[in-house]
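Reading the structure
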Amino acid sequence: MGELRHLDIGTGGEVSVNWFINGIRKRIQTEKLDQYRVMYPSVLEGMSDYNCPTEALRDGKWDMDKCIFCRQCDLDPTGNQDTYSVEKAIPNIFKKSLYLYPVDSGTCGACNVEFTTLFSPQYDSSRFKIFMANTPRHADALVVMGVHTEGMERVLQEAYDAMPEPKVVIGLGACALSGGIIGRGAMEKYDIHIAGCPPTPAAILKAIIEARDKK
Ligand code: SF4
Ligand code: SF4
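Residues numbered from 1 in each chain as written. Chains lettered and ligands numbered in written order. Predicted model: local features only at pLDDT ≥ 70, side-chain atom pairs only at ≥ 80, totals over all residues.

1. Things to note about the site of ligand 2
- Close contacts around ligand 2 come from Thr-107, Cys-108, Ala-110, Cys-111, Met-145, Gly-146, Gly-173, Ala-174, Cys-175, Gly-180, Cys-197 and Pro-198, and that covers them all.
- Where the shell around ligand 2 is concerned, the elements lending two or more residues are helix 2 (110–116), strand 8 (141–146) and helix 4 (174–178). (Near = placed C-beta within 6 Å. Helix = DSSP H or I, 4+ residues; strand = E, 2+ residues; numbered from the N terminus.)

Structure, rendered in structure tokens:
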């Protein structure tokens, strides 16, 4: 029989162990999506005649896809995380597993950070059978972030073409959807629009779950 040997984990290991014990002591829990409320970004309500820099406010109507949630107008945040719209349902075939492949067309980095946290213990997307794919060849949904940039146009197209059918395209954040404050959206059309600058992880998960449940 072999012996259990002492493993010298050094200072870095101690830090990891302390972090782990700290997490248990503080009882860090996975977020409950239906109770998740932050004020920005969330659905905005009310009236404002502010000259919106992205034209998200026009003729008294609010266009969430264009809103960068700059907080300069008089609209009121509700905390409601339904900052998304579903154009096309996610096919039933993805009920048991959905693999996402992200492409950054030209972001500030914040959409990427929020997207990455889906796979952290705090949001734990695997409980909803949502995973990350390492290659578009294994992906079911393309997640597009950032504004349109010439350099990434071909990359986006190649990633999309490499994905097997059926496939879904998700626009994540104001830049991808409308170009935000600096340009135009990375793609013309999306199956799922997730607004925000950046969208919250809760809004991203809610949008995907709703699109998958949609008949
Ligand atoms: S929060 Fe900013 S971007 Fe959004 S509607 Fe108001 S002024 Fe426009
Ligand atoms: S939508 Fe906002 S957070 Fe996302 S890349 Fe654009 S500027 Fe950054």
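Once the structure has been displayed, the description carries forward.
2. Observations concerning the environment of Val-155
- Structurally, Val-155 is set in helix 3 (residues 150–162).
- With 13 C-beta atoms counted inside 10 Å, the residue Val-155 sits in the partly exposed group.
- For the pair Val-155 and Val-103, spaced 52 residues apart in sequence, the C-alpha to C-alpha distance is 8.5 Å. (Buried ≥ 20, exposed ≤ 12 C-beta atoms within 10 Å, placed from the backbone.)

3. Structural notes on the environment of Glu-150
- Relative to the assigned elements, Glu-150 resides in helix 3.
- Separated by 45 residues in the primary sequence, Glu-150 and Ser-105 have C-alpha atoms spaced 9.0 Å apart.

4. Quick look at the pairing of strand 6 (residues 98–106)
- Pairing geometry for strand 6 and strand 7 (residues 130–132), over three bridges, is parallel. Each bridged residue has a counterpart across the sheet, and for Tyr-99 the counterpart in strand 7 is Phe-131.
- Taken together, strand 6, helix 2 and strand 7 form a β-α-β motif whose crossover is right-handed.
- Where strand 6 meets strand 8, six bridges bridge the pair, whose relative direction is parallel. The residue of strand 8 that forms the bridge with Leu-100 is Ala-141. (Pairing = 2+ DSSP bridges. Right-handed = clockwise from strand over helix to strand, strands pointing away.)

5. A look at the pairing of strand 8
- In terms of burial, strand 8 is a largely internal element, six of the six residues being buried.
- Here five bridges tie strand 8 to strand 9 (residues 168–172), and the two strands are oriented parallel to one another. The partner of Val-143 across the bridge, within strand 9, is Ile-170.
- For the segment spanning strand 8, helix 3 and strand 9, crossover handedness is right-handed.

6. Points about helix 5 (residues 201–213)
- Between its first and last C-alpha atoms helix 5 spans 18 Å; for 13 residues at 1.5 Å apiece the expected length is 18 Å, and the two agree.
- The buried fraction of helix 5 is high, at 10 of 13 residues.
- As for helix 5, its buried residues are in contact with strand 5 (84–86), strand 6, helix 2, strand 7, strand 9 and strand 10 (192–194). (Expected span 1.5 Å × (residues − 1). Contact = placed C-beta atoms within 7 Å.)

Purely geometric stuff here, so don't read any function into it on its own.
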